[in-house]
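A look at the structure
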Amino acid sequence: MAPILLSAAAGVQTLDGRTTQIPSSIGKVTVLVFLRTDCPLGKRYAPELGRIAKEFSGPAVQFWMVFPDKSENAAEIRSMMSEYRFPGTAVRDPDQSVVKQAHATTAPEAAVFGRNGKLLYHGRIDDRYVDYGKVKPEPQVHDLEDAIRAALAGKAVARAETQAFGCALADIE
Amino acid sequence: MIGAPLNGATFYRDVAPIIYRHCSACHQPGQPAPFSLLTYDDAKRHASQIARVTKARYMPPWLPEHGYGDFADEQRLSAAEIQTIAAWVAAGAPEGDPRDAPSKPEILGDGWRLGKPDLVLQAGEPLRVPAQSGDIFWNFTFRPRLTQTRYVRGIEIRPGGGAALVHHANLLIDRTHSTDLLEARRGAGFAGMELTIDRNPFDPPSHFLFWKPGSTPHFEEQGFAWRLDPGNVLVLNTHLQPSGKPEEVRPEIALYFTGQTPSRFPLLVELENDDALGIPAGARDFQVSDDFTLPMDVDVQAIYPHAHYLGKRLEAYATLPDGKRVWLIRIPDWNFDWQAVYRYKEPVFLPKGSVVSMRFSYDNSAANVRNPNQPPKRVQAGNRAGDEMAHLWLQLLPRGRGDRRRELEEAVERHRAEKNPDNFTAHLNLGALLLSRLKTQEAIDELETALKLNGASAEAHDMLGSALRSVGRAQEAIAQFRAALEIEPAYVEARYNLAVSLARAGDLQNAIRNFRLVIKAFPNDSRLRNEWGELLAGSGDLSGALEEFQIAVRLDPANRDAAKNRDWVLARQAGQ
């Protein structure tokens, strides 16, 4: 049984430090992307995330950029969001409670929750970065995009779990 | 030496010495790595990543296999060091006792690392890198304003831009203005992964001027300075990867001069076999080779293997006359992104008659994730990222006195023309080299061969004209210059050669007509103005000649010939 998104919503914060909740995801598809301000790969994905957000623009899909590292400061996160033009809304997850609900291990890593609030997909954004030093010139599989499309259609995601590549979230616990 | 305590490894005692020594030079603010590794907190924040990348030997980036060439600045962790890091991470990355800490890593700061430069150059125009794109290959140009020849004993390249934007950069010296036409505007720079600069046979390339993340700038050893003449253009060939946001990149170069003229003359020698690169789609281990026999004793100073994204295993070795094999380099898993020039700790001596061998293999299968074509397709040599290359550059210092570069270069060019009998460029280059070595008859033969392969080359016609003129075949020379100009009317060098040849043959009227076009192209060249004046004087136009001599002196007050000519005309006019 997949966990329900943000059932308790403990410890999620706005950039102003207020405790908040990612609004009820029931009826909507919720996309989370876990990021670290010191991880170059997440930044490199900003234009691709922008493209995906644009493709699914509208109230049916909501994008949240989740920053789990409690040692980061809000100004760093704000400037990363604006300089790189990340889509969606930035929130902080200092207790890594959302990280755990999404089963995320890496920055950048994406998670998609369906209209019923169930975790449908978590893992890489696409398959461009295969391993250290092994990078495809172009991605061949657009995992996140495919997962959102499946979630909107109410279908199961073909590959519900992939290994994301980047900086480990365990290191900042 | 660092031990490998499998239990109880701490940051300060066991891991900091490794990280400070091998990582911190790049992993600090202002340096190319994307995050800092200067403190315990820095390392802790990336601990499991550090364990993974060191175990995979992705970091520190170092491609050559240990034991196949002994290189300076080897950035390679020992097995024990990798184990120490793994044990530390497995134990939860404990901090340990700060009293165990080694001395802190050097903070490089903003200054030039070689000290105060004699000249700092900035790229003519910045490059705007988009937030997202494939790899970018861009050539920045620099035009040092020199009034006299300088000898450069060191350079420092600052690629500029954000972290990790520039992956590598090669500085090339354009002594022949062959890149001028590639720029939309002076200083605008131009796109291109590989660039061909016409060689000046009298001053062929001699030094690797290379930058990669983490490279330490150095001064050349005594006697190894290289010359930079007024008018030379410096071209920085760069490989960039976008960072995720739009950035501006405007590299800077610091030059350090010396008053000592060079006394050691290395040559960059290229083994290659691009013509053999017809790699079938799906081929997993396509092999390409080249073998060059050394015509003299040399010391190998440095090596630079180069392939694109299909390159798999890159090897080079020498077979000595007694049959012994000396490894020069072995890269078991080539990665274009981390290409580098490798300098030997001690120069590798190779006696005359040694055979230097290049053995490269390529993976053009779908299993090669870097393959630019999915599904794979047949790939040939070329300058785009999707094409391939098989190049092995060596910096060779001939033993013996003086500048023996052209002697060595002749052997290289002969080898290339023999290897590729149908390759126009190989014969053209050999012809040019022979011409510069005053082996004129042989040069004529090579250039005629070149023209048989490509009769549409203005350059080959012009060069053959020069060769014919120097053996007194004036009319044939004039015909060749005319042929060059028919193909390329704006070819100023051929126009000049034609004008001079016509003047010598007594056809002053046509000589003047052609020389006028040369002056139009180079109005500010003092030497040409003076020659133009001489031609006018020869045709009886003394007042026109005087004007030219005066312009020539104004352009270059040190032009003594022009001053003498001017005074001669003035004296004649006064005497009348």
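Structure first, text after, so check above.
A brief report on the enclosed structure follows.

**Quick look at the sheet that holds strand 3 (residues 89–92) of chain A**
Residue and element names in this part refer to chain A. A sheet is described by the order of its strands in space; here five strands give the open sequence 3-2-1-5-6, paired in mixed fashion. Strands with a single pairing partner mark the edges of an open sheet, and in this sheet they are strand 3 and strand 6 (119–123). When the angles between neighbouring strand axes are averaged without regard to direction, this sheet yields 20 degrees. Relative to strand 6, strand 5 (residues 109–113) is paired through four bridges, and the arrangement is antiparallel. Looking at the pairing, Ala 110 lines up with Gly 123 of strand 6. Running over the sheet, helix 3 (residues 74–83) touches strand 2 (61–67) and strand 3 and is turned about 155 degrees from strand 3.

**A short note on the interface of chain A and chain B**
With 27 residues of chain A at the interface, the matching set in chain B holds 25 residues. Approximately 2,300 Å² of surface area, both sides summed, lies buried where chain A meets chain B, with 48% of it carried by carbon and sulfur atoms. The closest approach of N and O atoms between B:Lys245 and A:Glu83, which form a salt bridge, is 2.2 Å. Where chain A packs against chain B, one counts 12 residue pairs in polar contact (both at pLDDT 80 or more). Residue assignment for the side of chain A that touches chain B shows that the elements contributing at least two residues are helix 1 (40–44), helix 2 (46–55), strand 8 (134–135) and strand 9 (167–168) of chain A.

**A short note on the pattern of salt bridges**
Residues and elements named next belong to chain B. Throughout the structure, instances matching the rule amount to 51 salt bridges over all chains. A salt bridge links Arg 330 to Glu 65; the shortest N-O distance between them is 2.5 Å. Highlighted residues: Arg 330 in strand 17 (residues 325–331) and Glu 65 in the loop between helix 3 (47–55) and helix 4 (79–90), separated in sequence by 265 residues. Of the residues examined, Glu 65 reaches a relative accessible area of 27% and is grouped as partly exposed. Taking the shortest distance from any N to any O, the salt bridge between Glu 315 and Arg 330 comes out at 2.7 Å. One end of the pair, Glu 315, is in strand 16 (residues 311–319); the other, Arg 330, is in strand 17, with 15 residues separating them in the sequence.

Scoring rules and cut-offs
- Residues numbered from 1 in each chain as written.
- Chains lettered and ligands numbered in written order.
- Predicted model: local features only at pLDDT ≥ 70, side-chain atom pairs only at ≥ 80, totals over all residues.
- Heavy atoms only, no water.
- Pairing = 2+ DSSP bridges.
- Helix = DSSP H or I, 4+ residues; strand = E, 2+ residues; numbered from the N terminus.
- Axes fitted to C-alpha atoms, helices over the stretch in contact; angles between N-to-C directions.
- Contact = heavy atoms within 4.5 Å.
- Buried area = accessible area lost by both parts, 1.4 Å probe.
- Salt bridge = Lys/Arg side-chain N within 4 Å of Asp/Glu carboxyl O.
- Polar contact = N/O pair within 3.5 Å; in protein donor to acceptor, adjacent residues only side chain to side chain.
- Buried < 20%, exposed > 50% of the residue type's maximum accessible area, 1.4 Å probe, protein only.

Note that all results are geometric; they support no functional claim without further evidence.
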